[in-house]
Amino acid sequence: MKHKLPLDALPLVPSGRGFKLLAGVRVLDLTSSVAGPYAAMLLGDMGAEVIKVERPGGDDARAWGPPFLGGESLWFLSVNRNKQSLCLDYAKPGGHAILEELVRAADVLITNVPARVAAKLGIDYRATRALNPRIVHASITGFGADGARADMPCYDLIAEGYSGVMDITGEADGEPQKVGAPAADMLAGQDAAFGALAALFRRQTTGQGAFIDIALVDSMVRFLACRVTPYMGSGEVPRRTGAKDSVIAIYQAFETADEPITLGLGNDAIWARFWDVLGNPSMVDDPRYATNALRREQRTAIVARIQATLRTKPRAHWLAEFASARVPSGPVNRIDEVVADPELLRRGVFYRTPAGAGDVPQVGAAIRIDGAAGKPHLPPPALGEHSDRVLRDLLGRSSSEIAALRAQAII
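Conventions used here
Sequence order as written defines the numbering, with residues in each chain counted from 1. With the structure being a predicted model, the display of local features is reserved for residues of pLDDT at least 70 and the display and counting of side-chain atom pairs for 80 or more, all residues being used for whole-chain, interface and lining totals. Note: side-chain values were computed over all heavy atoms of the structure, leaving out hydrogens and water. Two strands pair if DSSP finds at least two bridges between them. Numbering of helices and strands starts at the N terminus; helices are DSSP runs of H or I of at least 4 residues and strands are runs of E of at least 2. Angles run from 0 to 180 degrees between N-to-C directions of axes, and those axes are lines fitted to C-alpha atoms, restricted for helices to the stretch in contact. Residue contacts are counted whenever heavy atoms from the two residues lie within 4.5 Å of one another. Between Lys or Arg on one side and Asp or Glu on the other, a salt bridge is scored when a side-chain nitrogen of the former is within 4 Å of a carboxyl oxygen of the latter. Think of it in three bands: residues with accessible area under 20% of the maximum for their type are buried, residues over 50% are exposed, and the middle band is partly exposed, with areas taken using a 1.4 Å probe on protein chains only.

1. Quick word on the sheet that holds strand E5 (residues 84-87)
And step 1. With respect to topology, six strands assemble into an open sheet ordered E5-E2-E1-E6-E7-E8, the strand pairing being parallel. Each of the sheet's edge strands pairs with one partner strand only, and the pair in question is E5 and strand E8 (210-215). The mean inter-strand angle of the sheet, taken between neighbouring strand axes irrespective of direction, is 20 degrees.
And step 2. One ladder, built from four bridges, connects strand E6 (residues 108-111) with strand E7 (residues 136-141); its direction is parallel. Within the sheet, the bridge partner assigned to leucine 109 lies in E7 and is histidine 137.
And step 3. Those strands touched by helix H1 (residues 35-45) are strand E1 (26-29), strand E2 (49-54), E6 and E7, and its axis lies near 155 degrees from that of E6.
And step 4. With respect to the sheet, helix H8 (residues 216-223) is in contact with E7 and E8, its orientation differing from that of E8 by roughly 70 degrees.

2. Digging into the sheet that holds strand E10 (residues 261-264)
And step 1. The strand order across the open sheet formed by three strands is E9-E10-E11, and the pairing between neighbours is antiparallel. With partners counted over all chains shown, the strands left at the sheet margins are strand E9 (251-254) and strand E11 (329-331), one partner each. If you compare each strand with its neighbour and ignore which way they point, the axes differ by 20 degrees on average.
And step 2. With three bridges joining them, E10 and E11 adopt antiparallel strand pairing. Within E11, the position partnered with threonine 262 by the bridge is glycine 330.

3. A closer look at the side chain of serine 139
And step 1. Within the secondary structure, serine 139 sits in strand E7.
And step 2. Sequence-distant contacts of serine 139, defined by excluding residues within four places in its chain, comprise Thr111, Phe211, Ile212, Asp213 and Ile214.

4. Points about the pattern of salt bridges
And step 1. Evaluation of the coordinates by the stated rule reveals 25 salt bridges.
And step 2. The partner of aspartate 167 in a salt bridge is arginine 240, with the nearest N and O atoms 3.4 Å apart. Residue aspartate 167 is found in the loop between helix H6 (156-163) and helix H7 (183-206), and its partner arginine 240 is found in the loop between helix H9 (225-234) and E9; the two are separated by 73 residues along the sequence.
And step 3. Put simply, aspartate 268 and arginine 295 hold a salt bridge, and the shortest N to O gap is 2.8 Å. Of the two residues, aspartate 268 is situated in helix H10 (residues 268-277) and arginine 295 in helix H12 (residues 292-297); the sequence distance between them amounts to 27 residues.
And step 4. In this structure aspartate 268 comes out as partly exposed when scored by relative accessible area, which is 43%.
And step 5. On the basis of relative accessible area, arginine 295 is assigned to the buried category, the value being 2%.

Below, the structure is given as structure tokens:
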């Protein structure tokens, strides 16, 4: 690694500000790991009040490391801002009674355990709807709330394998590879948040709650729609090519004299501008390359010709030339280069926010509204950091009652 951006080089954004679009919406986050916490965080980013109810031991992701920062898992810190943490053993009768009070006071509840486990814990839709008919209950599981696989455990890796994305990712002669981020988790979390928002919108006029059933595998397959639909309509099974093939004839990474770049020649006008930059406009008039379909037939020869030219000059030269000619191109950045990108920093994608043990880095929601990026309401919480506050301010428990709950290991 050539460069590491220090934490203190990130913009400091104090908590307490942020979007208020979901002000007045209360979310109970009963989830752990990535998908469920990410769904709840997205709602929190939009202004919802999120209460993260953690059972003894806390969210599984709190133990995922190294790396850690101030004793906290950086994976946990990445998907848990804008939440209050209540540590509650709701497997105990006294704890479950508290959970029932929270359900009655909530608008959205998010779970990520199989249906059988949810029913056993009393957090399935049937149980929560009986307490609160207006509840929007979002269930995130590996395979869905019903069916032959409903009881099977699942992680992002398993979902990526089921979905087909691993089979089409990697070099043609190499092994299948997973995406370099927890794509199924993040997509399922986003789907759950989107479904919950749509259900809340309907509830405004009907008063009706909803059951949102999200499966990691479903979300990952949906992500592949542009590869699956062509197969269903043509019978051609996509194969992995190391990202060196696409429905667009020239759409891949290329080497230059130093660092690689990406090129996407997505239409005839871009094709023409590209060859003007390379000083070979005759390629545009050649009838063999007149359409994208014809260019795909000649793809191997065209790629070789492009590659030979691009190797003659460094990346910076080509990126400047292509930008000037409006040819889609870019660098193949390392993560440290991404975090140092001045435009991403300007747009509020990366920042740090004060927390109990010191500043923590964050990747923002990447949604700008009315010209502004969202700001954090709260930093990611320590386990049980807000237990007293939630019990006192929301449920009206006295100090002595809270002490008794703690003595019984309910909180």
